[in-house]
Each structure stands twice: as structure tokens, then as C-alpha cells.
Amino acid sequence: MGGTGEVAADQVEFGGHDWTDNGSGVPVAGKLNSDGVAVRNNFRAAASRVNPVTGPCGGRVRCKCMFGREDRLMVVADAEFQQEGAEPLPRFIIKDESGVWVDLNCFRASSDFSEWVDRLFVRGAYFRELDYPVFLRLAYDFEPGVVADEIGACEAAGRPSRLRFARGISHILPLRSVLYRGLKISGGRAEYLFEPVSLEFSVEQQSAEANETGDQRSARTEAVVVAQKTRLDFDEFIAQMWLKGLRYGVDEAVVRKAIGEDHVGRETIAAAKAPSAGRDAGVEELSDGLRRDDAPGLLPDGRINLARFRNRFPQIRAGVKLLRKTPLVLGNLGRELNGRPLAPALPKDLDFAALAGSGTRIENTPQGEYLVATIDGFLDIDNDSSKMSVTEKIINRGGVSLRTTGDIVLMGDEYEEHGEIQEGRVVEGLNITTFADVFGKVVSKGGVVVLKKNLSGGAVVNHGGQVMIEGRASGATILAPGGEVTVRHAENSLIVGRRVVISERAVGCDILADELEIALAEASVLGAAALSIAEVRAHGSAETLVSILLPPDGEQHELLAAARAQLEGLQAADDEAKQLIDSLRGRPGVENYLTIAGKVRRQELTLSVEQKVAFQKLRDSVAPVLKALAQISEQGKARASHRETLQAAIAGVEAERRTANEAVKCSIGEISGEVIVRTHPAAPDAKLPASLAPNELKAFLRAMPPGCRPLFAGSKGCFEWRLVDDAKVTS
């Protein structure tokens, strides 16, 4: 549109726009006062030419038409924000020439600010030159604790404890409020359709008409609808969207750009704020001892040993802090578009005390909670309960394999393995207990080896200690020649022990022992000095071979023969000494001297001075003979002592032979399969059976050495035999 009108020229700042009316040439001041309220303008115009409009607060708004600029129709407005009965400002709101502020010293919480803003917007007001980020903070983020923190921050910075959020407060004209459309809210996002907007209002105009004669004109007033293109205003936009339910999350940059560029189209103008996730309580490792060194070990010559790791089980010292609890961190609230808070998921707390096992304790300090070792030992972490303990024994729960541990050589006094020991892997230590199947090799330097599960294809070696297998031994080798072996069930296994007990069943096994007890034997080769078999059953066509190991007798025979020969030599020496003594005593004066000397020693005779002189002369004359007799007497005492020693040795050997023979026995309670029982004498120069290699041992049990004597062969009945009486009873 173009042209000019015939109205007064007025200019007033309102809603961020300059409204100008050019006409009669009378300038009018139309600025906003310090309270942000439009000042009533006194202008001269033909009021009858413009329809009056009532403002949102009841004030009269007079609008006049002008035709000056093509881009907009200017409107002169006069509105009253403050009038009689208007709600006073809250005590936490400060308005001055610099803007609208929130006094933090009087501010309680964001809820008070939001309620005031809501009442203000409902009355048709809005904030000019709004600082939207500060506005949102005041509306939602200030709780009593946050207010106190903000006051402290202001005081620390040396500035007043207040926040500016707007330039002023104004009212939006009704003819502009209709410019703001509805929203489309879905999925936490708000969309707004931007389109060209214009102001529409009616203007009264007079026109002249000809009369019936055609020479006179009459004046007629008519209403003309005027539309003028305009723009939305961001400050008004925020207030209007608040009333439409959009109270949070407006993207200021998007809205300002769309308004400034006269954008046409639907835009996403706001998005809800998702709550930020918190952080669960956790633990922080503080000791290097919690991490094992799985680097390959080194051989003595410096080469890498891929079968072993360097430090699989580091030691923990008493007083070392192992873990620190990291407290949970709450997440931040999110916001829906209507301002309602979105609570984040509550982080999970950690029962830190539940992690403390034996050998540890919880210490509470100003720096936090700590798990501290109370003893020197090895770390044990239970995978099921996550309980951490420090124990004097080494505990491993991950099993033994080339991937996890490699071969293990332990320096501790006790070891527990809760995982499988894989085939080809070796565990060396002392007092070893396993809680899973063993397929590899376990070597103990003594003590007790306990397998809670099965030994399959593996081996257990404990030369001087005890081996207990609570499960099955299948295709296994068990060597404890100086100790005791207890197995519940054995199949196709080689077992060596001083005492071996098979509590349930032995099938296809080779067993060597001093003492052997079996509940049920099938198709096995057994060798022992003392055997007690409750039952023997058939197992296919294979027979059960029982060898009763006789004690070695040749060496003891030689010892006894040598001792008896020495006794005979001592007796001959005694006889010879007796003859020599009789000969010496028969020499002149010897017997007389010995008789007088004996009476004097027993105080049966008292010699005079003359007799003492004569007795001394007699002693001097027989002195050589007396010396010889004394030597013969000492030699006789030595032979007597040697005789006693030999006699004691002979008695000990004979008692040992008797005890050994009494221990050699065989008892088979029930026979229902093919059984062969025989004696198995020990060869004089043979190695001890327990020292033989596995293949040599199997051959030894099946061999028939010289002197082997069959005692029983059959498939029914029972058998009882003892070496001491060398008799057998069959039925």
C-alpha cells in the first residue's frame, strides 16, 4: 500500500516495534516509562475515524490508519499496565531503570517465580528484552540450596546478590496476540508453523455522493478493513507459548532466525530435556597387588618360558589399602516442555562392607571408605559374592590353563584351585586342594592333596604325603609311595602308595601298596603285602591278579648269619683267654699274692710292718703276670659288651621279620569272577617296586619271579591266607 493519511504523527515504543502515525504533523511522545508501562499519548486526531480497541488491562487503545511505508501498518497504542487493583510485584522482584531483577536475598525457590510469571502472562503481560537462559534458570533451577550457592558466588565476585532477566514488563495488544498460532507437540518436541502475519482492523472513511438532481453531494461514512504485514516478536512469542503449554526448552536461536528471516514453514522450536544419567557407586583399585603379572616367565638362561607367568599370585601386606569406594552421583533432572521435571533413574548404591572378607576390614576416613588388609597373605576374590579376602593360603578361582595361568609353581604352604586344571598344565606346591576336575598334573612336596571332583587322564604326585580323591580317577596316575591314597572310584588307573584304599570300586587298575583295601575289584592287577578285598567280580574275560608281596629275606639272613658268626668268634676268644689265665695263675707266688691281696682288700687281714715289706717284695716279683692278667680281663669285658650288642641286634631283626611276616596276609570276602592269587617274593638285588617307572611297575606286577608260589585260582568262593602260618582256607 502507498500514500499518506490525514492523522496526527505519533511515535511510541511498544513490543520492540516503533509505531508511527504521520498525518497532521503534531508529534506525540509515546515511550515506555521505567516500569515498562506504555505512557498514554495525547495526540490530536479524528477519533471517529478509527475504531477503538480495548487493551488487556482495560485501557483504551486508539488506532489510526496511515499509509507511509510498504512493509508495515503502524499503530499508535496507548495501554496502561498499572491500574487500580493491579497485583503488586513480589518482594523478590526489583524493577529499576536498568531492568527487571530477582533479589536472591528475598528469593525462596523457583516455584515462586514460576507462579508469578504464570499470573503475569495470563494478564497479558510479557517481558521485554528477555534473557531467556536466565529466565529458565530462575523458573526451574533454583532450590533453597542453589539460591544460597548463587548468593555466595555473587558475594565472592563482589557484585550484588541479584539476577537480571529482562529489560521491562509490557502488555501485548489483543490485535497482536492473535498472530501467535497453536503448537504441535509430540515425542518431547514442539513444532510451530511460521507463516506471514498481518494486522487487520477497520477504519471509518467518509465519501461524497450525488443527490437525485446530480448536482449536490452528501457525505457518507463507511468502515474499511485494513491489513498490514507485520512480524512476530520473540518476547511476545515466549509469553504466548507459555500460555499454550510450552514453558521450557524453546530454541531461542531457531525462533529468532525464523522471525528475522520471515521464514515460512514448520520448524522444531523446542525440545524436552532428557534427564542426565547419574553414576552408580563403585570401587577404585588402590593396590598394585590386585593385578597379577601375566607376562611370560623367564628361564635361568634368559629365554622366555611361555608355559609360566611371572607373578600369578602377588602377596599383600597388612595395612595396605586395597579398594576405595567411589560414592554414587545423582543424575540431573530433565524437563518436559510443560516444565514438569523428569527424574533420572536412581543410581545404584554399593554395600561396600559386603566386600570385606576375612583378613580385611572397612576404614571410614574423611577422604572416604577404604578396604584395608589386616594380615599378610594372598588375595582371594570370590566371583559369586565379590567378597575380597586376604588369606594365608593361595586361592585361585579361574582354573589353570595356558591362557589363564600357565604352569604354576607355588611358594605358599597351602593352595586352593576352584577351576579346572587343564590337560598338559602342572601345578606344584604344598597342601593342594582342587574343587573342579583335574586333567593336568598336580605335584605336592608333602602335606595333603585333596581332589573334590574327578581326576581324568591327569596325574597326582605326592611322594611323602597323602592323596584323597573324592570323585573318580579315570585313566590317571597317582603316585604317593610314602603316603596314603584314598580314592572313591578308580578306572584304568595306576596307583602307588604305602596304603591304598578304594572305597567303592576299582576296574582295570594297576595298584601297588604295602596295605591295600578295596571294596570291589574287577579285572585289576593288585600287589601288596597286606590285602583286604571285600568282593571280586568278573569284568568281561579279564581276570583279577593278586600278588602277595613277600618281605625280602636274603639280606636279613645274611645279617643274622654274620652276627651269629661273630658270637661264635667271641666265645672262642673267651675260651682261649680262660686257658691263659689258668696258666698264669699257676706260676710261683701268683696264687699266694692274689689270696693275700684279696684278704687285705676285704680287710680280713692286717699286715705288720715286716709283713708289708715281704708282701711288697712278692708283688714286685709277680708284677708282669698281674699286668698280663689285667689286660686279659679288659679284653674279656669288651667281648662281653660286643656280645650283648650282637644279641640285641639279632633279637631286633628276628622281631622285625616276625612283624613283617605277621603283616603279610590276604583276605577276599566274596569271589564271583576269575581270580589268581600267588606269592611274589622279592629278588635280592631288585630295586624297590615303588621306585620303578610306570611301565616297569606294570611289568613287575605281572611278572613271575623265582620262588613265586600259586595260592588260589578260581571264580567262586572266598580266600584267606597268612604268611605266619603259611596256610590257606578256601571254600
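Residues numbered from 1 in each chain as written. Predicted model: local features only at pLDDT ≥ 70, side-chain atom pairs only at ≥ 80, totals over all residues. Heavy atoms only, no water.

### What about the overall build of the chain?
Then step 1. On a plain count of helices and strands, the chain comes out with 10 helices and 47 strands.
Then step 2. Counting over 731 residues, the chain shows a buried share of 41%.
Then step 3. Here the contacts in the chain between residues at least 6 apart in sequence split such that 50% fall between residues at least 24 apart.
Then step 4. Total accessible area on the chain stands at roughly 38300 Å², and carbon and sulfur atoms take up 50% of it. (Helix = DSSP H or I, 4+ residues; strand = E, 2+ residues; numbered from the N terminus. Buried < 20%, exposed > 50% of the residue type's maximum accessible area, 1.4 Å probe, protein only. Contact = heavy atoms within 4.5 Å. Areas by Shrake-Rupley, 256 points an atom, 1.4 Å probe, with all protein chains shown as cover.)

### Comments concerning unusual backbone geometry
Then step 1. At asparagine 431, a residue that is not glycine, the phi angle is positive and equals roughly 55°.
Then step 2. Considering the arrangement of structural elements, one finds asparagine 431 in the loop between β30 (426–429) and β31 (432–434).
Then step 3. Positive phi is not limited to glycine here, since asparagine 492 has a value of about 50°.
Then step 4. Here asparagine 492 shows up in the loop between β37 (477–491) and β38 (494–507).
Then step 5. Given a relative accessible area of 55%, asparagine 492 falls into the exposed group.

### A few points about the sheet that holds strand β25 (residues 377–381)
Then step 1. Spatial strand order, β19-β25-β26: 3 strands in an open sheet with antiparallel pairing. Edge positions in the sheet fall to β19 (315–316) and β26 (388–391), since each has one partner strand and no second. (Pairing = 2+ DSSP bridges.)

### Side note on the sheet that holds strand β12 (residues 189–194)
Then step 1. Spatial strand order, β11-β12-β15: 3 strands in an open sheet with antiparallel pairing. Unpaired on one side and paired on the other, β11 (184–186) and β15 (265–271) mark the two borders of the sheet. The sheet shows a mean angle of 25° between the axes of neighbouring strands, direction not considered.
Then step 2. Alignment of β12 against β15, held across 6 bridges, turns out to be antiparallel. Its bridge partner lying in β15, alanine 190 is registered against alanine 270. (Axes fitted to C-alpha atoms, helices over the stretch in contact; angles between N-to-C directions.)

### Describing the pairing of strand β42 (residues 544–549)
Residues in a regular strand point their side chains to alternate faces of the sheet.
Then step 1. In terms of residue burial, β42 counts as a mostly covered element, since 6 of its 6 residues are buried.
Then step 2. Of the two faces of β42, the one carrying Thr544, Val546 and Ile548 and the one carrying Leu545, Ser547 and Leu549 are both buried.
Then step 3. Across 6 bridges, β42 lies against strand β44 (residues 675–680) in parallel orientation. By the bridge assignment, threonine 544 is partnered in β44 with valine 675.

### Quick notes on helix α6 (residues 252–260)
Then step 1. Taken together, the buried positions of α6 are occupied by Val255, Ala258 and Ile259. Down the axis of α6, the sector holding all buried residues measures 95°, keeping them to one side. Of the residues in α6, the exposed ones pointing more than 90 degrees away from the buried face are Ala253 and Lys257.
Then step 2. The inward-facing, buried residues of α6 contact β12, α5 (234–243) and β15.
Then step 3. Taken from the residues just after α6, aspartate 262 is the one with a positive phi, measuring 50°. (Arc of directions from axis to C-beta.)

### Re the nonpolar core
Then step 1. Among the nonpolar cores identified, the biggest contains 59 residues, and Phe113, Phe127, Phe135 and Phe165 are the most heavily contacted of them.
Then step 2. Grouped together as the second largest cluster of nonpolar side chains are 52 residues, Ile408, Leu451, Ala513 and Phe712 included. (Core = buried A, V, L, I, M, F, W, Y, C linked by side-chain atoms within 4.5 Å.)

### Focus: the packing of helix α8 (residues 590–601) against helix α9 (residues 609–663)
Then step 1. Contact pair α8 / α9: the axes reach a minimum separation of 9 Å and the direction vectors enclose 115°. The element α8 and its partner α9 pack so that their crossing is left-handed. Along its contact with α8, which presents Val590, Asn592, Tyr593, Leu594, Ile596 and Ala597, the element α9 presents Phe615, Leu618, Arg619, Val622, Val625 and Leu626.
Then step 2. Taken together, the residues of the contact of α8 with α9 sort by class into 10 nonpolar, 1 polar and 1 charged. (Left-handed = near helix turned anticlockwise from the far one by under 90°. Nonpolar A, V, L, I, M, F, W, Y, C, P; charged D, E, K, R; others polar.)

### Concerning the packing of aromatic side chains
Then step 1. Throughout the structure, instances matching the rule amount to 19 aromatic pairs.
Then step 2. Ring plane angle 45° and centroid distance 5.7 Å describe the contact between tryptophan 116 and phenylalanine 127, whose orientation is recorded as tilted. You can see tryptophan 116 sitting in helix α1 (residues 110–122) and its partner phenylalanine 127 sitting in strand β8 (residues 125–128), a full 11 residues away along the chain. Phenylalanine 127 matches tryptophan 116 in its accessibility class, with the two residues each being buried.
Then step 3. On the basis of an interplanar angle of 65° and a centroid distance of 6.2 Å, the ring pair of tyrosine 180 and phenylalanine 237 is categorised as edge-to-face. (Phe/Tyr/Trp six-rings, centres within 6.5 Å; stacked < 30°, edge-to-face > 60°.)

### Here we look at the pattern of salt bridges
Oppositely charged side chains are able to pair whenever their charged atoms sit close together.
Then step 1. One pass over the structure, following the stated rule, counts 30 salt bridges.
Then step 2. Residue arginine 176 is joined to glutamate 236 by a salt bridge in which the shortest nitrogen-to-oxygen separation is 3.0 Å. Of the two residues, arginine 176 sits in helix α4 (residues 174–177) while glutamate 236 sits in helix α5, which places them 60 residues apart along the sequence.
Then step 3. Overall, glutamate 236 belongs to the buried group, its relative accessible area being 1%.
Then step 4. A salt bridge links glutamate 491 to arginine 472, with the shortest nitrogen-to-oxygen separation between them at 3.0 Å. (Salt bridge = Lys/Arg side-chain N within 4 Å of Asp/Glu carboxyl O.)

### Thoughts on the confidence of the model for the chain
Then step 1. Overall, the predicted model of the chain reaches an average pLDDT of 80, with 81% of residues at or above 70.
Then step 2. Note that residues 1–85 has pLDDT below 50 and, in this model, 196 contacts with residues that lie over four places away or in other chains.
Then step 3. Low pLDDT, under 50, characterises residues 727–731; the predicted model gives this stretch 16 contacts beyond four residues in sequence or across chains. (pLDDT = per-residue confidence, 0-100.)

### Comments concerning the environment of leucine 711
Then step 1. One can find leucine 711 in strand β45 (residues 710–714).
Then step 2. A relative accessible area of 4% places leucine 711 in the buried class.
Then step 3. Put simply, leucine 711 and serine 547 are 164 residues apart on the chain and 9.7 Å apart in space, counted from C-alpha to C-alpha.

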